[in-house]
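# Descriptive structure summary
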Amino acid sequence: MAHKADKPRSKSANAAKKETTPEKRPKSSKKKKIKYIPEEEELLSSKEWLKRYGLKPLGLHLEHLMSSHKHSSQFIRVTGHRVGAKYCDVFPKVKIRGEKMHMELHHHELVQYEENLDHVISRYLRRWRWLLLGPHRVFGTILEEAIVICIDTSGSMITVINELKRELCALLWTVIKPNKIKFNIVQFASQITKFKDSTVDPDYDTCLAAAEFIGNMMAGGNTCTLEALTEALSDTSAKSTYLVTDGKPDTSCRAVLKHVSSLELEKQQKIHTISLNTSDEEAISFLKTLSKQTKGRYHACVTGFEGNIITHQLLSNNLPASLQSEEDKSLKIPAYSGDDLRLLSKAIAKARKFMANSQTYRDLIADHSGDTEMVNLKICGSEMIPTVNPEEISAFGV
């Protein structure tokens, strides 16, 4: 009996597809880290800017950069001492957040880290200098695409009104018009005067008319902050209000906060507050509370040139941060109360601290390895932070 020839089994469609289609690597769920900071300044709050270009997003946070394992030891009853594991003598011991760790970074890796960190510190300082120049010094960073600027022109503003008018015109021509930010201006003292009924496009003719409106401002009268905010928040085309004042309202601060809170239930609009030439703690507290209540920012107009001088000194010596003199390393960024400058100054201080810690850790590696050539590369003046054991060092300060 003749047997039928066996037909080759047909492969399933999926199997055939597997053979013909090359395997694709699964896409990583992690976002790629940004490796550089753009040279051109962006109209962002320091909070948002550091979310993009902080030490963590750039992969330069010292704690996260260092791979490490815990120091392991065991108590030996015969000797009455704790004895470390075999690998404990291979790696130098450090303390991170109070816990003993063995660090596995090499000397050349720390040198590369310091070079990258030096570029970031310089870029942070340039951003800091930008925030201290021009209208940013007075008004901070303008973020939204449609704004209302409330200007206090009460009697107490008479000493600063001319400077304020110059800076407001500079803001108009250098920030609002180039970035096509819709705007309106509300002048308030005993009465309220509006430039337009609502926000308008910043074309050339409108900006000329606004400059004329600003030039006609005169200081005198009371401070009707409540009425000015009510008028500004009634503009449905605006995304935020910038309140520029030098003190408290004529009405109680609590009444203003309560009234604004009731308005915010109907219309969510941020209020950014700007204190101008004031040292009144109660007024500053009111402005901070008002901005926080509406999810806005507080900015204090910077007076004096201390910040500019220090920034210029740090940027003009043409030396990387790792090779600066002890005098330059000891320079402290002034503590400003405005949100943008305060957050950026903290980031600069942290980066400079990581630089010092990295240099100190390099010294520890050199001492631990006994490499003469490596020891000669140590930066003069770096000192070990004293801990229980001379071989241990805190990577993040005491």
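Residues numbered from 1 in each chain as written. Predicted model: local features only at pLDDT ≥ 70, side-chain atom pairs only at ≥ 80, totals over all residues. Heavy atoms only, no water.

### Points about the packing of aromatic side chains
Basically, it comes down to this: Aromatic contacts are taken between Phe, Tyr and Trp rings whose centres are within 6.5 Å, Trp giving its six-membered ring; a plane angle under 30 degrees counts as stacked, one over 60 as edge-to-face, and the others as tilted. To qualify as a helix, a DSSP run of H or I must reach at least 4 residues; to qualify as a strand, a run of E must reach at least 2; elements of each kind are numbered from the N terminus. Classification of residues uses two cut-offs on accessible area relative to the type maximum, computed with a 1.4 Å probe and protein chains only: under 20% is buried, over 50% is exposed, and between them is partly exposed. Note on geometry: a ring has a charge over it if NZ (lysine) or CZ (arginine) is within 6 Å of the ring centre and within 35 degrees of the ring normal.
Within this structure, the stated rule accounts for five aromatic pairs. Seen in terms of ring centroids, Trp173 and Tyr204 are 5.9 Å apart; in terms of plane orientation they differ by 55°. Their pairing is tilted. One end of the pair, Trp173, is in helix 6 (residues 161–176); the other, Tyr204, is in helix 7 (residues 204–215), with 31 residues separating them in the sequence. On the numbers, 5.9 Å between centres and 10° between planes, the contact of Phe183 with Phe195 is stacked. Placement of the pair is Phe183 in strand 7 (residues 182–188) and Phe195 in the loop between strand 8 (192–194) and helix 7, with a sequence separation of twelve residues. Of the residues examined, Phe183 reaches a relative accessible area of 0% and is grouped as buried. Connected via pairs of aromatic rings, a cluster forms that spans Trp49, Tyr53 and Tyr124. Above the ring of Phe195, the side-chain terminus of Lys196 is found at 5.3 Å from the ring centroid.

### So, the pairing of strand 10 (residues 270–275)
Short version of the rule: By the convention used here, strands pair only if DSSP detects at least 2 bridges between them. Handedness of a crossover is defined as follows: with both strands directed away from the viewer, a clockwise route from the first strand across the helix to the second makes it right-handed.
Among the six residues of strand 10, five are classified as buried, and the element is accordingly described as predominantly covered. Two strands pair when backbone bridges link them, and strand 9 (residues 240–245) and strand 10 are joined in this way by six bridges, in the parallel orientation. Within strand 10, the residue paired with Thr241 across the bridge is Ile271. In the sheet, strand 10 pairs with strand 11 (residues 298–300) via three bridges, with the strands oriented parallel. In the sheet register, Ile274 faces strand 11, and the bridge partner there is His299. Taken together, strand 10, helix 10 (residues 281–293) and strand 11 constitute a β-α-β crossover, and its handedness is right-handed.

### A short note on the sheet that holds strand 8
Under the convention used in this document: Where helices are involved, their axes are fitted lines through C-alpha atoms of the stretch in contact, as for all axes, and angles between N-to-C directions lie from 0 to 180°. Two residues form a contact once any of their heavy atoms are found within 4.5 Å.
With mixed pairing, six strands are arranged side by side in an open sheet as 8-7-6-9-10-11. The strands lining the two open edges of the sheet, one partner per strand, are strand 8 and strand 11. Put simply, the sheet's adjacent strands are angled 20° from each other on average, direction ignored. Packing against the sheet, helix 6 makes contact with strand 6 (146–152), strand 7 and strand 9, and its axis sits at approximately 170° to strand 6. Packed on one face of the sheet, helix 7 meets strand 7 and strand 8 and runs near 15° to strand 7.

### Quick notes on a nonpolar patch on the surface
Heads up, the rule is: Each patch groups residues whose relative accessible area exceeds 30% and which form no salt bridge, using 9 Å between like charges and 5 Å between nonpolar side chains of Val, Leu, Ile, Met, Phe, Trp and Tyr. Accessibility throughout is a Shrake-Rupley quantity obtained with a 1.4 Å probe, and a residue counts as covered only by protein chains that appear here. Here a salt bridge means any side-chain nitrogen of Lys or Arg lying within 4 Å of a carboxyl oxygen belonging to Asp or Glu.
A surface patch of nonpolar side chains, about 300 Å² in accessible area, is lined by Trp173, Tyr204 and Leu208. Locating Leu208 in the fold gives a position in helix 7.

### What about unusual backbone geometry?
Positioned with a positive phi, Lys180 is a non-glycine residue whose angle comes to about 55°. Under the relative-accessibility criterion, Lys180 is labelled exposed at 68%. We note that Lys295 has phi near 65°; this positive angle belongs to a residue other than glycine. Structurally, the position occupied by Lys295 is in the loop between helix 10 and strand 11.

### Digging into the environment of Leu143
Summarising the element assignment, Leu143 is placed in the loop between helix 5 (134–139) and strand 6. Since its relative accessible area comes to 31%, Leu143 is described here as partly exposed. Not counting residues within four places of it along the chain, the set of residues in contact with Leu143 comprises Leu43, Leu44, Ser45, Tyr242 and Arg297.

### Overview of the packing of helix 2 (residues 46–53) against helix 4 (residues 107–131)
Rules: An angle below 35 degrees is read as roughly parallel, one above 145 as roughly antiparallel, one from 65 to 115 as roughly perpendicular, and any other as oblique. Handedness of a crossing is defined here by the sense of rotation of the near helix relative to the far one, left-handed for an anticlockwise turn of less than a right angle and right-handed for a clockwise turn.
Across the interface, helix 2 lies against helix 4 with an axial gap of 13 Å and an inter-helix angle of 165°. Classified by the interaxial angle, the pair formed by helix 2 and helix 4 is roughly antiparallel. Note that helix 2 runs across helix 4; the crossing there is right-handed. For the pair formed by helix 2 and helix 4, the contact residues are Ser46, Trp49, Leu50 and Tyr53 on the first element and Arg123, Tyr124, Arg127 and Leu131 on the second.

### Here we look at helix 7
Along an α-helix, residues three or four positions apart point the same way, because every turn accommodates 3.6 residues. Our working definition: Under the convention used throughout, the expected extent of a helix is 1.5 Å for every residue step, that is, one less than its residue count. Note that the arc is computed from the directions linking the helix axis to the C-beta atoms. Under this definition, polar contacts are N or O atom pairs within 3.5 Å; protein pairs additionally need one hydrogen-donor-capable and one acceptor-capable atom, and for neighbouring residues in sequence, both atoms have to be side-chain atoms.
Given a rise of 1.5 Å per residue, twelve residues ought to cover 16 Å, and the 17 Å separating the end C-alpha atoms of helix 7 matches this to within 8%. Within the span of helix 7, buried status applies to Thr206, Cys207, Ala210, Phe213 and Ile214. Taken around the axis of helix 7, the buried residues stretch over an arc of 115°, which confines them to a single face. When the buried face of helix 7 is taken as reference, the exposed residues oriented beyond 90 degrees from it are Tyr204, Asp205 and Glu212. As for helix 7, its buried residues are in contact with helix 6, strand 7 and strand 8. Between the side-chain oxygen at the start of helix 7 and the backbone nitrogen of Asp205 there is a gap of 3.3 Å, and the oxygen is on Asp203.

### Topic: the side chain of Ser46
Among the structural elements, Ser46 can be located in helix 2. Reaching out from Ser46, the side chain makes a polar contact with the backbone oxygen of Asp340 at a distance of 2.7 Å.

### Re the pattern of salt bridges
Applying the stated criterion across every chain, the model contains twelve salt bridges. Salt-bridge contacts for Arg297 lead to Asp340; the nearest nitrogen and oxygen are separated by 2.5 Å. One end of the pair, Arg297, is in the loop between helix 10 and strand 11; the other, Asp340, is in helix 13 (residues 339–369), and 43 residues separate them in sequence. Both residues of the pair, Arg297 and Asp340, belong to the buried class.

### Concerning helix 2
Residues Ser46, Trp49, Leu50 and Tyr53 constitute the buried set of helix 2. Here the buried residues of helix 2 occupy an arc of 95° about the axis, which is enough to place them on one side. Relative to its buried face, helix 2 has exposed residues pointing more than 90 degrees away, namely Lys47 and Lys51.

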